[in-house]
Amino acid sequence: MTFADKRFVLKSLAAAAALAGLCGQALAQEAPQSIRIGWAIAKTGVNAGGTSVTTAPNYKLWVKEINDAGGIMLKAYNKRVPIEVIEYDDRSSTEEAVRATERLITQDKVDFVLPPWGTGSNLAVGPTYEKHKYPLLAATSVTDKAPDLAKRWKHAFFFPRAWSPCWKRPRRTVRSTTRSP
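These notes cover the structure that comes with them.

On to the pattern of salt bridges. Summed over the entire model, instances satisfying the criterion amount to seven salt bridges. Residues Glu-87 and Lys-43 are paired through a salt bridge, measuring 2.9 Å at the closest nitrogen-oxygen approach. Placement of Glu-87 in strand E4 (residues 83-89) and of Lys-43 in the loop between strand E1 (35-41) and helix H2 (48-68) is noted, with a sequence separation of 44 residues between them. Judged by relative accessible area, which is 30%, Glu-87 ranks as partly exposed. Across the pair Glu-96 and Arg-99 runs a salt bridge, and its minimum N-O distance is 3.1 Å. With a gap of three residues between them, Glu-96 and Arg-99 both fall in helix H3 (residues 94-106), about one helical turn apart. Put simply, Arg-91, Glu-96, Arg-99 and Arg-103 are held in one network by salt bridges that share partners.

Right, here's the structure in full:
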């Protein structure tokens with residue numbers, strides 16, 4: 001993942017978390033004490049290597065930077081509140097990713113759930129995010145079915161990558177656009 005990709009993901013996460021924090025709390029009298037954000041990612045199992053290099057460090061860095069700056073600014077309250085993290089190990093199992101995501105939403109009552117690592121896990125948890133109307137930012141998912149899935153899951157967002165063959169557009173060559181005399 002390039003520095004530009006990391007920066008894009010971090011900015012997207014910050015904006016989404018700020019929106020998530022405002023959604024449920026905007027009508028309340030007092031600002032919340034914290035914004036609860038959760039994730040279920042592979043800390044063990046076959047996917048742990050990919051997660052530990054690309055996803056976990058970015059999530060932790062983002063939380064640290066936001067909290068070091070005083071937290072997420074909730075404009076409705078003119079107050080910054082810290083991020084509280086709840087995390088689970090999905091053990092590189094799509095079934096466990098679904099169970100942990102459901103637990104984050106229904107039992108832990110998090111304001112926002114960050115996505116798991118990898119296409120399989122993102123596709124497995126997609127229906128759970130959709131059922132609870134949580135946004136799924138499937139940044140590590142690469143599938144040629146993304147346009148169809150985005151239509152089915154109104155709260156899912158897939159991020160095209162230039163290196164992904166499923167996102168390449170047909171390109172005209174210089175030869176096909178040049179007129180011959």
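Further notes follow.
Moving on to the sheet that holds E1. A sheet is described by the order of its strands in space; here three strands give the open sequence E4-E1-E5, paired in parallel fashion. Looking at the sheet topology across the chains shown, the edges are occupied by E4 and strand E5 (112-114). Taking each pair of neighbouring strands and ignoring which way they run, the sheet shows an average axis angle of 25 degrees. Note: E1 against E5, three bridges, orientation parallel. Along E5, the bridge assignment pairs Ile-37 with Phe-112.

The next subject is the side chain of Ser-121. Along the chain, Ser-121 falls in helix H4 (residues 119-131). Ser-121 gets classed as buried once you look at its relative accessible area, which sits at 5%. Leaving out residues up to four positions away in the same chain, Ser-121 has contacts with Asp-90, Thr-94 and Pro-116.

Bringing the nonpolar core into the picture now. Ranked by size, the top nonpolar core spans 20 residues in total, and within it Ile-37, Trp-62, Ile-83 and Leu-114 carry the most contacts. For this core, the secondary structure elements donating two or more residues are E1, H2, strand E2 (72-74) and E5. Looking at which element gives the most residues to this core, the answer is H2, with five residues. Non-local contacts of Ile-83, meaning those with residues more than four positions away in its chain, are made with Ile-35, Ile-37, Trp-62, Val-63, Ile-66, Asn-67 and Ile-72. Judged by nonpolar contacts, the second largest core, of 18 residues, contains Ala-40, Ala-97, Ala-138 and Ala-146.

Definitions and limits used
- Residues numbered from 1 in each chain as written.
- Predicted model: local features only at pLDDT ≥ 70, side-chain atom pairs only at ≥ 80, totals over all residues.
- Heavy atoms only, no water.
- Salt bridge = Lys/Arg side-chain N within 4 Å of Asp/Glu carboxyl O.
- Helix = DSSP H or I, 4+ residues; strand = E, 2+ residues; numbered from the N terminus.
- Buried < 20%, exposed > 50% of the residue type's maximum accessible area, 1.4 Å probe, protein only.
- Pairing = 2+ DSSP bridges.
- Axes fitted to C-alpha atoms, helices over the stretch in contact; angles between N-to-C directions.
- Contact = heavy atoms within 4.5 Å.
- Core = buried A, V, L, I, M, F, W, Y, C linked by side-chain atoms within 4.5 Å.

Function cannot be inferred from these measures alone, as they are strictly geometric.
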